[in-house]
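As a plain string of letters, each chain reads:
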Amino acid sequence: MADALPAQARVVVIGGGIVGCSVAYHLTKLGWRDVLLLERRDISCGTTWHAAGLVGQLRATQNLTKLAKYGADLYERLEAETGQATGFRRPGSVSLARNAERMEELKRLASMARCFGVDVDVITPAEAGKRWPLIRTDDLVGALWLPRDGRTNPIDTTRALAKGAQLAGARLFENTKVTAIHRRNGVVSGVSTDRGDIACEIVVNCAGMWARELGRMAGVAIPLHASEHFYIVTDPMPGVTPDLPVLRDTDGYIYVREEVGGLLMGGFEPSAKPWGMEGIPEDFAFSLLPEDWDHFSVMMEQAIIRIPSIATAPVRRHVNGPESFTPDGRYYLGEAPECRNYYVAAGFNSIGIASGAGAGKALSEWIVGGEPPMDLWDIDIRRIAPFQTNPRYLRDRTEEMVGVLYAIHWPFWQPRTARGMRKSVLHDRLAARGGCFGVVMGWERANWFARPGMEPVYRYSYGRQNWFPCAADEHRAVREAVGVFDQSSFAKFRLEGPDAVAVLQELCANEVDVPVGRIVYTQMLNPKGGIEADLTVTRLADDACMVVTAAAAATHNAEWIRRHLGDARAVLTDVTSAYAVISVMGPRSRSLLSRLTDADLTNGGFPFATSREIWLATAPVRATRITYVGELGWELYVEAAFAPAVYDAIVAAGDDFGLKHAGYHAMDSLRMEKAYRSWGHDLGIEDTPLEAGLDFCVRFDKKAPFIGRDALLAQRDRPLRRRLVVFLLDDPEPLLYHDEPIWRDGVLVGRTTSGAYGHTLGRAIALGFVEHPDGVGDAFIASGRWELEVAGERLPVRAQLTPPYDPKSARVRA
Ligand SMILES: Cc1cc2nc3c(=O)[nH]c(=O)nc-3n(C[C@H](O)[C@H](O)[C@H](O)COP(=O)(O)OP(=O)(O)OC[C@H]3O[C@@H](n4cnc5c(N)ncnc54)[C@H](O)[C@@H]3O)c2cc1C
């Protein structure tokens, strides 16, 4: 180890766990040498040293799977490169299903895995028994076999990464604790340590469960919380050999692997033990927490069911170590929205060994390139809301999230804990109408409304869930009469000042220098033409616009706008909580609202894509004629204090028009029939508007050039090799969600990005990107035999580019 702490460095990486070492390693691989890695005690002394070392490859998204696969490959070759053994091997893994629902999940995962290029086989219980002779199989439905899954020694692997980084020029300082992080004008300027100060350009927070605290030092929100996590190691057992695959019996909450001739068995129990909110002891290094056999018994009982011989095996070691968990079970990567050059890689939810290599690679490329190297939205730190650092919220949610790792990942699943954080002013009224709420960015949102006599509670399954007929009623009301949605969770920003419109002109691909009272649907692009934001801009005045975007994109979109403000005379203000949004949608919306206002709502008096203030009932309301459901309708932006009265007036008048309350599940069904895209699902930073079929939103001819224009111009004149396509199932029964493989003439050509049941069309619909090296033209789409793979079965579909419902939007403009 080097001994004199330098006074400055280009990059300071905080934390010498597997993640920090991986970041340092990969930065040097990209040619950055002036990298300092600071560790308060010893390399790997935090959570890393006691990890079980499983290296699974299949992750929730394609890019995360790519990173996990990269990790296994790197660990495999790291010893040859650095001379430090890692202990990595590939014994494969077997995941068991005890019931039909789990089997459905495994089959869907297998379909997805193939799509992502991961080797996988669906196998029978007997085949699982052959691979793992000690398990009981008579109660199993089936299993998955992933031959390329691996395991590694976490300490040695971390050392190998550290050594690789050092060999390439990085300097590592152990026993060096960062005590402060400094910023100047919103940019990182240095750190203080217990051994002196270091000026630096970039800080990377890889401090594991300490990361929240290190975030606070620079005003950065990093919502994570530690939880106790347990495993045992038995004495050697007959029949246990080093080539035994890793075993996951998630219905029994457990994982198992061989360890020195015995078994290492750990798990993710349904109700976990959050730890460390009062602070992590100063001397916590290579430390464990007290054994808790009572708590562990939940997993032990299940292990005995699966591996009867473990019941009598002497336990050599009981490990209880803390690991950090996040409110949505996904780790954080990227530049913090609150502070430039402050990067984060933390909150690994028990997959930090498997993910450390890929996360370090991706983050290093992000740091060096100044932008995410690929679409990493699922783990992007900009997906959070700052309130989520609330200690009580984190503690409550962590108790649940540990078990969620191994629970069935039901479609539409909602957390049970840490609820009720953010509510619309209409919340209680919607609850009284039978609203069943889901949560996005802490907002409680009515997803569906229970019919009279029905409990507003989810009953999860892979098939039609209990709310299916309720959402169907809501959908039909919007198509045939009128529905009311509470869309108050919309993120709303005012951009004001003499340069407000000029800033937006540079950011938006569409023309936003429009007359006051116009609303424009537009994308904001990065220089490569990828979609950073998908939103609307309403011109409020010469020098003021309102920007409205999805709740989930609030932090990301605000950060994107702020980072481009520069010296412009414009101020961005988040007014989300100031306004409720009541959307009145459907062919009878005009008649209903006309009862409550003297404003002229006719096509001539209030054309589509316009917005203005009107009196509605007793309140001033900004009425905006726009829709995400494909019908005539208005979004009503109402100051929160006035909103209950406006809502009551609409509901009171609504009976005469067949008004129904409608939720987000109905909205999803309605928007899919219109093929309206959703950012974060169908659109992301790797997709251009041309590929996504949003060319109608791109104004190449507008006076001011916009970011991404050159990239689009280059793409415009060539055949598009990727395109977002709409799919309609032939069979009206099955449901589609996302990530279903897309086949054309028996060749895998893409995967779906979102799916929903279209209640007007009477079948499931999906959107998905299709790729073909010679271009995805109209003829390519019109010809060919198209299929979507659902849980291993290929189902015939119709492929088209146009929306299946009202393709000319006559109803929207009615
Ligand atoms: C029992 C158990 C089993 C697990 N099994 C697996 C598994 O099989 N597979 C898998 O993928 N994952 C597993 N994990 C998870 C995995 O161990 C973690 O996700 C991973 O180690 C996290 O690495 P990290 O570098 O983020 O954090 P850490 O290893 O905790 O590293 C953070 C480092 O930051 C240092 N630090 C903190 N504050 C400061 C400061 N102010 N200044 C300087 N340094 C600081 C700490 O000392 C620490 O060394 C397991 C976890 C547990 C608890």
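Starting from 1, residues in each chain are numbered consecutively following that chain's sequence as written. Where totals are concerned, whole chains, interfaces and linings use all residues; where local detail is concerned, this predicted model gives features only for residues with pLDDT of at least 70, and gives and counts side-chain atom pairs only at 80 or more. To obtain the side-chain values, all non-hydrogen atoms of the structure were used and water was disregarded.

It is worth spelling out the overall build of the protein chain at this point. Looking only at helices and strands, the protein chain features 18 helices and 39 strands. A globule of 814 residues ought to have a C-alpha radius of gyration of about 28 Å, and the protein chain, at 27 Å, matches this closely. Buried positions account for 62% of the 814 residues belonging to the protein chain. By the counting rule applied here, Lys and Arg register as positive and Asp and Glu as negative, while His and the ends of each chain are not counted. Lysine's charge is taken at NZ, arginine's at CZ, aspartate's at CG and glutamate's at CD. Charged side chains of the protein chain number 92 positive and 101 negative; the gap between the two group centres comes to 2 Å. Numbering of helices and strands starts at the N terminus; helices are DSSP runs of H or I of at least 4 residues and strands are runs of E of at least 2. Each radius of gyration reported is based on C-alpha atoms, and the globular scaling rule is 2.2 Å times the count of residues to the power 0.38. Buried means the residue's accessible area, taken with a 1.4 Å probe over protein chains only, is under 20% of the maximum for its type, while exposed means over 50%, and partly exposed covers the values in between.

Count a disulfide wherever a pair of cysteine sulfur atoms falls within 2.5 Å. Going through the model one piece at a time under the given rule, you end up with zero disulfides. In this model Cys45 remains outside any disulfide bridge; the closest cysteine sulfur is found in Cys21, 11 Å from its own. In this structure Cys339 is not part of a disulfide, and its nearest cysteine sulfur, from Cys200, lies 10 Å away.

Another point: the pattern of salt bridges. A carboxyl oxygen of Asp or Glu within 4 Å of a side-chain nitrogen of Lys or Arg is what we treat as a salt bridge. A complete count under the given rule lists 57 salt bridges for this structure. Salt-bridge contacts for Asp156 lead to Arg159; the nearest nitrogen and oxygen are separated by 3.5 Å. Here Arg159 and Asp156 lie together in helix H5 (residues 154–167), a separation of three residues that amounts to about one turn. By relative accessible area, which is 44% here, Arg159 ends up partly exposed. It is possible to trace a salt-bridge network through shared partners that takes in Glu335, Arg340, Asp380, Arg382, Glu559 and Arg563.

Only Phe, Tyr and Trp rings are paired, with Trp represented by its six-membered ring, and only when their centres lie within 6.5 Å; those with planes under 30 degrees apart are stacked, over 60 edge-to-face, the remainder tilted. One pass over the structure, following the stated rule, counts 21 aromatic pairs. Each ring, one from Phe412 and one from Trp467, has its centre 4.9 Å from the other, and the planes form 90 degrees; the classification is edge-to-face. Placement of Phe412 in the loop between helix H9 (391–404) and strand E20 (422–423) and of Trp467 in the loop between strand E22 (443–449) and helix H11 (468–480) is noted, with a sequence separation of 55 residues between them. Classification of Trp467 by relative accessible area gives buried; the value is 8%. Each residue in the set Phe230, Trp293 and Phe296 is aromatic and connected to the rest through ring pairs, giving one cluster. The ring of Tyr757 carries Arg464 above its face, with NZ or CZ at 4.9 Å from the centroid. Our definition puts a charge over a ring when NZ of Lys or CZ of Arg is within 6 Å of the ring centre and also within 35 degrees of the ring normal.

To continue, consider the sheet that holds strand E38 (residues 786–790). Two strands make a pair as long as DSSP finds a minimum of two bridges between them. Pairing is antiparallel in the closed barrel, where six strands are placed in the order E34-E37-E36-E35-E38-E39. Strand-to-strand twist across the sheet, computed as the mean angle between neighbouring axes with direction ignored, equals 40 degrees. As judged from the four bridges shared by E38 and strand E39 (residues 793–800), these two strands associate in the antiparallel manner. By the bridge assignment for E39, Leu788 is matched with Leu795. The angle between two axes is taken between their N-to-C directions and runs from 0 to 180 degrees, where each axis is a line fitted to C-alpha atoms and a helix contributes only its stretch in contact.

Let us now look at the nonpolar core. The definition of a nonpolar core used throughout is a set of buried Ala, Val, Leu, Ile, Met, Phe, Trp, Tyr and Cys residues joined through side-chain atoms within 4.5 Å. With 47 residues, the main nonpolar core has Val13, Val204, Leu333, Leu363 and Leu376 as its most contacted residues. Those elements that provide at least two residues to this core are strand E1 (8–14), helix H1 (18–29), strand E2 (35–38), helix H2 (62–82), H5, strand E11 (196–205), strand E19 (342–346) and helix H8 (352–369). The contact definition used throughout considers only heavy atoms, calling two residues in contact when any of these lie within 4.5 Å. Non-local contacts of Leu363, meaning those with residues more than four positions away in its chain, are made with Val23, Val204, Leu333, Gly334, Tyr343, Val344 and Ala345. Core analysis: the second largest hydrophobic core is formed by 36 residues, Ile198, Cys200, Trp275 and Ile381 among them.

Here the focus is the pairing of E2. By the alternation rule, side chains of E2 split into Val35 and Leu37 and Leu36 and Leu38, which are all buried. Here E1 runs beside E2; their pairing, made up of four bridges, is parallel. The residue bridging Val13 from the neighbouring strand is Leu37, located in E2. Note on handedness: a clockwise path from strand one over the helix to strand two, with the strands aimed away from the viewer, defines a right-handed crossover. Crossover connection from E1 via H1 to parallel E2: handedness right-handed. For E2 and strand E8 (residues 171–173), the ladder comprises three bridges, and the chain directions are parallel. Looking at the pairing, Leu38 lines up with Phe173 of E8.

A few words now on H8. Helix length check: H8, at 18 residues, gives a terminal C-alpha distance of 24 Å against a target of 26 Å (1.5 Å per residue), a fit within 8%. Where H8 bends most, at Gly358, the angle is about 30 degrees. In the segment just after H8, Gly370 is the residue with positive phi, at about 75 degrees. Working rule for helices: expected span equals 1.5 Å times residues minus one. Axes are fitted to the seven residues ending at a residue and to the seven starting at it; the angle between these axes is taken as the bend at that residue.

The next point concerns the pairing of strand E30 (residues 611–616). Pairing between E30 and strand E31 (residues 619–624): six bridges, direction antiparallel. Bridge pairing in E31 places Ser611 opposite Thr624. The antiparallel pairing of E30 with E31 creates a hairpin that spans two residues between the two strands, and Ala617 there sits at a positive phi of about 50 degrees.

Taken in spatial order, the six strands of this open sheet run E30-E31-E32-E29-E23-E33, and their pairing is mixed. Either end of the sheet is taken by a strand with one partner, and the two such strands are E30 and strand E33 (659–661). Each adjacent strand pair in this sheet contributes to an overall mean axis angle of 30 degrees, direction not counted. Inspection of the sheet shows strand E23 (residues 482–486) paired to strand E29 (residues 579–585) by four bridges, in the antiparallel sense. Counted as the bridge partner of Asp486 is Ile582 from E29.

Before going further, it helps to examine the site of the ligand. Around the ligand, a shell composed of 38 residues is seen, among which Glu39, Thr48, Leu54, Glu323 and Ala354 lie nearest. Throughout this description, a polar contact denotes any pair of N or O atoms lying within 3.5 Å of each other; where both atoms belong to protein, one of them has to be capable of donating a hydrogen while the other can accept it, and for residues adjacent in sequence the pair is counted only when both atoms sit in side chains. Within the contact set of the ligand, an oxygen atom lies 2.7 Å away from a side-chain nitrogen or oxygen of Glu39. At 2.5 Å from an oxygen atom of the ligand is found a side-chain nitrogen or oxygen belonging to Thr48. Burial of the ligand by the protein amounts to 98% of the accessible area it has alone, namely 1,000 Å². Put simply, the parts of the chain that give the shell around the ligand at least two residues each are H1, strand E12 (225–234), strand E17 (315–325) and H8. Under the convention adopted here, Pro, Cys and the residues Ala, Val, Leu, Ile, Met, Phe, Trp and Tyr are nonpolar, Asp, Glu, Lys and Arg are charged, and Gly plus all remaining residues are polar. Tallied by class, the residues present in the shell around the ligand amount to 20 nonpolar, 14 polar and four charged. Here a residue is considered near a molecule or strand provided that any single heavy atom belonging to it is located within 4 Å of it. Note on areas: these come from Shrake-Rupley sampling with a 1.4 Å probe, and a residue is covered only by the protein chains present in the view.

What follows deals with helix H15 (residues 643–654). Taking 1.5 Å of rise per residue, the twelve residues of H15 would be expected to cover 16 Å, and the 16 Å separating its terminal C-alpha atoms lies within 8% of that figure. Of all twelve residues making up H15, nine are buried, and the element is well covered by its neighbours.

Running from N to C, H2 and H8 point in directions that differ by 100 degrees, and their axes come no closer than 7 Å. Classified by the interaxial angle, the pair formed by H2 and H8 is roughly perpendicular. Contacts between H2 and H8 involve Leu67, Ala68, Tyr70, Gly71, Leu74 and Tyr75 from the first element and Ile353, Ala354, Gly356, Ala357, Gly358, Lys361 and Ala362 from the second. Looking at the contact of H2 with H8 residue by residue, the class counts come to nine nonpolar, three polar and one charged. Convention used here: angles under 35 degrees read as roughly parallel, angles over 145 as roughly antiparallel, angles from 65 to 115 as roughly perpendicular, and any remaining angle as oblique.

This part is about the environment of Gly169. Locating Gly169 in the fold gives a position in the loop between H5 and E8. When the C-alpha positions of Gly169 and Ala711 are compared, they lie 36 Å apart, and in sequence the two are 542 residues distant.

Looking now at unusual backbone geometry. The phi dihedral of Asn185 is positive, around 50 degrees, even though this residue is not glycine. Its place among the elements puts Asn185 in the loop between strand E9 (178–184) and strand E10 (187–193). Although it is not a glycine, Asp739 adopts a positive phi angle of roughly 60 degrees. Turning to its location among the elements, Asp739 is positioned in the loop between strand E34 (722–729) and strand E35 (741–744). A relative accessible area of 10% means that Asp739 is categorised as buried.

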